[in-house]
Amino acid sequence: MILSVDGIEFSYNGRPVLRDIKFSVNRGEVLSILGNNGAGKTTLLRCINRILKPKRGTVLIDGNDLFSLSSREIARRVGYAAQRHEGGRITVFDAVLLGRKPHIGWEASEKDLEIVREVLASLSLEDLSLRYLDELSGGELQRVIIARALAQEPRVLLLDEPTSSLDLKNQYEVMKIVKDAAEERRIAVVLVMHDLNLALRFADRFLFLKDGTIYDCGGLEVMTPENISAVYGISVAVEKLGDIPVVVPL
Amino acid sequence: MDQGTAENIYHGYLKYTGRKILIILLTFLLSVVLGVYAVNAGSADLSPAQVLLTLLGEGDERLNVIIWNIRLPRIAAAFIAGIGLSVAGCVMQNLLQNPLASPSTLGVSQGAAFGAAVAIIALGAGSLQSTSADAVVINSPYLVSAAAFMGAMLTTITVLMLARLRGVTPEAMILAGVAVGSLFSAATVVLQYFASDVQVASLVFWTFGDIGRASWGEIKIMAFVVGIFFLYFMANRWNYNAVDGGEETAKSLGVNVERIRILGMFGASLITAVIVSFLGIISFIGLLGPQIMRRLLGGDHRFLIPASAVMGGFLLLASDTIARTIIAPVVLPVGAVTSFMGAPLFLYLLTRGNSRR
Ligand SMILES: Nc1ncnc2c1ncn2[C@@H]1O[C@H](COP(=O)(O)OP(=O)(O)OP(=O)(O)O)[C@@H](O)[C@H]1O
Ligand SMILES: [Mg+2]
């Protein structure tokens, strides 16, 4: 078990947003958080890397209590690609190099540059590497942000709607890279996703979040029309196309 | 992965960073050339040979005084103050996430002016002098500097404390800075209302920035403060880069954004306070230095901080040299020159937008 979250409770200014969140993710596993807008998905990710401090509950990473670690130590273990990102006047290369920041002492080493180079290549960003972020398209920028989180070489990778601006091909390629990274590096990936079909293709487990609490959590068996209807409030059919499961709204 | 492409990224990147270092070195070289010109320029007509001899310790009494006590301190003061103001502006623009932030955004200048007003008007540190070229003279410059410094730090600390109460956001800091700044301006006006003409004239005279006020003692203090905080800023360059990626990203990269912001703003304000209390108010350097360099070599603070430093030094030295020579033997206040040159240059930069790499 690499990530285990237990009894998380969180409120914004006294308004409860999360309660009683308990789940765990194994090495090499991809967990997809599913739920309505405003269900608390982003808030949950922010509690896992302590951008927000939950009122109650524990987060263990590799058996270490997250709240006993310094923010730099957390950043070495948890990578995060936020839902919204800002451009800015730095190059793609430097933006991804920033992912090495938690590991860098005074100056970036050869190894840091090498890691950046590999990540850029794997996400087909080589040609953009000297472009400024504020000159990229939305999808290109999103890939840079994912690249930064990968360059962080974390034990736990948190991705908030990583494919929301990507074209069809890039959606599948990026998700494939993320899944491969989970398996090869034996890390845990927790991602938020609105595209149920993409989640079905790439996630090992699914967590339904409804009104700030877990509605259901498990493998493919929880992706039933009943659960999806109950969480999203729209009736769906779950079919198989060949052996690929698909969700179709009715 | 294609090995050829990988090599290309790497070399492309090294070439790109190498170019930035080159720009910084060139700016520095330009400053040195300007410095040499500035030692030679001035109302006392000296030949380059005389200057060189004096620098080598072979000059006569008169030359020694002109070079060592007047021209060199002036050049050193301009360069160091330019570095300080520009670096402070660079860090403030990052920490407040606002390209228009400058060393006086937190009300430091207004605070310093108020301090000077207290010293000159309430404590009687200024008076009229009819013999010299300057009609007005400050009797006890140390008292005025100390009071100005205290006024500047008072605003800084008030603003930072207010911001702490409301949450250390850029908006909170800017708003607090504007509010406290105008409060101090108002207080200065009230003081002036009850002052004599002479005292008001002294205060106005003080307010114009003038590099010539600094002698070696003050220069050493400025160099010390600027040096310490330059190192501190450089040590935080990765943090500032992370802040540019947005607060959430910075936090996820392990940056304690609030602390960085409070300490950085404190450092930048302290630098400004020291410079302003010794030299008076010098505007636009803190805005122009970083803005020019950001356009030339991007927002990576590993390069932007040293680049802003040399550019700020160059700009203030150039402004002061112009102030000394343009209608010599009259020496214009350098603050007027920086504003005169700064405003159009700034507008030009705004309309031109960003240059490509
Ligand atoms: N900074 C904040 N202050 C107060 N309330 C907030 C804040 N951020 C989010 N909320 C509220 O908390 C709830 C959960 O927000 P969250 O961002 O976690 O939703 P989400 O599940 O990620 O939604 P989406 O799918 O739209 O991204 C929402 O009702 C939202 O309005
Ligand atoms: Mg969200």
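Details of the structure are given in the entry above.
The numbering scheme is per chain: residues are counted from 1 as the chain's sequence reads. Think of it this way: whatever chain is written first is A, whatever ligand is written first is 1, and the rest follow in order. Since the coordinates come from a predicted model, pLDDT governs what is reported: local features require at least 70, and pairs of side-chain atoms require 80 or more to be given and counted, while whole-chain, interface and lining totals use all residues. For side-chain calculations, the full set of non-hydrogen atoms in the structure is used, while hydrogens and water are omitted.

### Focus on the site of ligand 1
Residues and elements named next belong to chain A.
And step 1. Close contacts around ligand 1 come from 14 residues, with Gly-38, Gly-40, Lys-41, Thr-42 and Thr-43 the closest.
And step 2. In the model, an oxygen atom of ligand 1 is placed 3.4 Å from a nitrogen or oxygen of the Arg-15 side chain.
And step 3. Identification of polar contacts relies on pairs of N or O atoms within 3.5 Å, with a donor-acceptor requirement for protein atoms, meaning one able to donate a hydrogen and the other able to accept it, and with residues adjacent in sequence counted only if both atoms are side-chain atoms. A distance of 2.6 Å is found between an oxygen atom of ligand 1 and a side-chain nitrogen or oxygen belonging to Thr-42.
And step 4. Using a 1.4 Å probe, the Shrake-Rupley method yields the accessible areas, and only the shown protein chains count as cover for residues. In isolation ligand 1 has 640 Å² of accessible area, and contact with the protein removes 66% of it.
And step 5. Helix numbering and strand numbering both begin at the N terminus, where a helix is a DSSP run of H or I of at least 4 residues and a strand a DSSP run of E of at least 2. Residue contributions to the shell around ligand 1 peak at 3 residues, all from helix H1 (residues 41-48).
And step 6. Of the residues belonging to the shell around ligand 1, the class tally is 3 nonpolar, 8 polar and 3 charged. Working definition: residue near molecule or strand if any one of its non-hydrogen atoms lies within 4 Å of it. Each residue is assigned to one of three groups, with Ala, Val, Leu, Ile, Met, Phe, Trp, Tyr, Cys and Pro labelled nonpolar, Asp, Glu, Lys and Arg labelled charged, and all others, Gly among them, labelled polar.

### Digging into the pairing of strand S2 (residues 15-25) of chain A
Residues and elements named next belong to chain A.
And step 1. Inspection of the sheet shows strand S1 (residues 3-12) paired to S2 by 7 bridges, in the antiparallel sense. Bridge pairing in S2 links Phe-10 to Leu-18.
And step 2. Here a strand pair is declared whenever DSSP counts at least two bridges between the two strands. Between S1 and S2, which pair antiparallel one after the other, the connecting turn spans 2 residues, and Asn-13 there sits at a positive phi close to 45°.

### Digging into the interface of chain A and chain B
It is common to report an interface's size as the accessible area lost on association of the parts.
And step 1. Counting from both sides, the interface comprises 39 residues of chain A and, opposite them, 38 residues of chain B.
And step 2. Note on terms: buried area is the combined drop in 1.4 Å-probe accessible area of two parts once they are placed together, counting the loss on both. For the chain A face of the interface with chain B, the top three residues by lost area are A:Arg89, A:Arg117 and A:Leu130, together amounting to 21%.
And step 3. Salt bridge, as applied in this entry: a Lys or Arg side-chain nitrogen positioned within 4 Å of an Asp or Glu carboxyl oxygen. Applying the counting rule to chain A against chain B returns 4 salt bridges.
And step 4. Among the salt bridges present, the one from A:Glu107 reaches B:Arg302, with a minimum N-O distance of 3.3 Å.
And step 5. At the boundary of chain A and chain B, one finds 11 residue pairs in polar contact (both at pLDDT 80 or more).
And step 6. Breaking the side of chain A that touches chain B down by element, the ones donating at least two residues are helix H2 (71-77), strand S6 (78-81), helix H3 (92-97) and helix H4 (110-122) of chain A.
And step 7. Looking at the side of chain A that touches chain B, the element that brings in the most residues is H4(A), giving 6 residues. We call two residues in contact when some of their heavy atoms are within 4.5 Å.

### Examining the pairing of strand S11 (residues 236-241) of chain A
All names here are of chain A.
And step 1. Alignment of S11 against strand S12 (residues 244-249), held across 6 bridges, turns out to be antiparallel. By the bridge assignment for S12, Glu-239 is matched with Val-246.
And step 2. What sits between the antiparallel neighbours S11 and S12 is a turn of 2 residues, in which Gly-242 has the positive phi angle 65°.

### Focus on the coordination of the magnesium ion (ligand 2)
Residues and elements named next belong to chain A.
And step 1. Metal donors: N, O and S atoms at distances within 2.8 Å, or within 3.2 Å for Na, K and Ca, with water omitted from the atom set so that some sites may seem incomplete. Surrounding the magnesium ion (ligand 2) are the protein donor atoms Thr-42 (OG1) and Gln-83 (OE1), at 1.9 to 2.2 Å. Taken together, the positions of Thr-42 in helix H1 and Gln-83 in the loop between S6 and H3 put the pair 41 residues apart, joining distant regions of the chain.
And step 2. A relative accessible area of 15% places Thr-42 in the buried class. Three exposure classes are used, based on accessible area relative to the maximum for each residue type with a 1.4 Å probe and protein chains only: buried under 20%, partly exposed in between, and exposed over 50%.

### Considerations on the nonpolar core
And step 1. Nonpolar core, defined: a set of buried Ala, Val, Leu, Ile, Met, Phe, Trp, Tyr and Cys residues in which side-chain atoms within 4.5 Å join the residues together. Judged by nonpolar contacts, the single largest core of 165 residues is most densely connected at A:Val96, A:Val189, B:Met173, B:Trp206, B:Met222, B:Phe233 and B:Leu279.
And step 2. In terms of residue count, helix H3 (residues 61-95) of chain B provides more of this core than any other element does, 18 residues in total.
And step 3. With near-sequence residues (within four places) excluded, B:Leu279 lies in contact with B:Ala81, B:Phe208, B:Gly209, B:Asp210, B:Ile211, B:Arg213, B:Ala214 and B:Met222.
And step 4. Within the second largest apolar cluster, 33 residues are counted, among which are A:Leu3, A:Leu18, A:Ile48 and A:Ala188.

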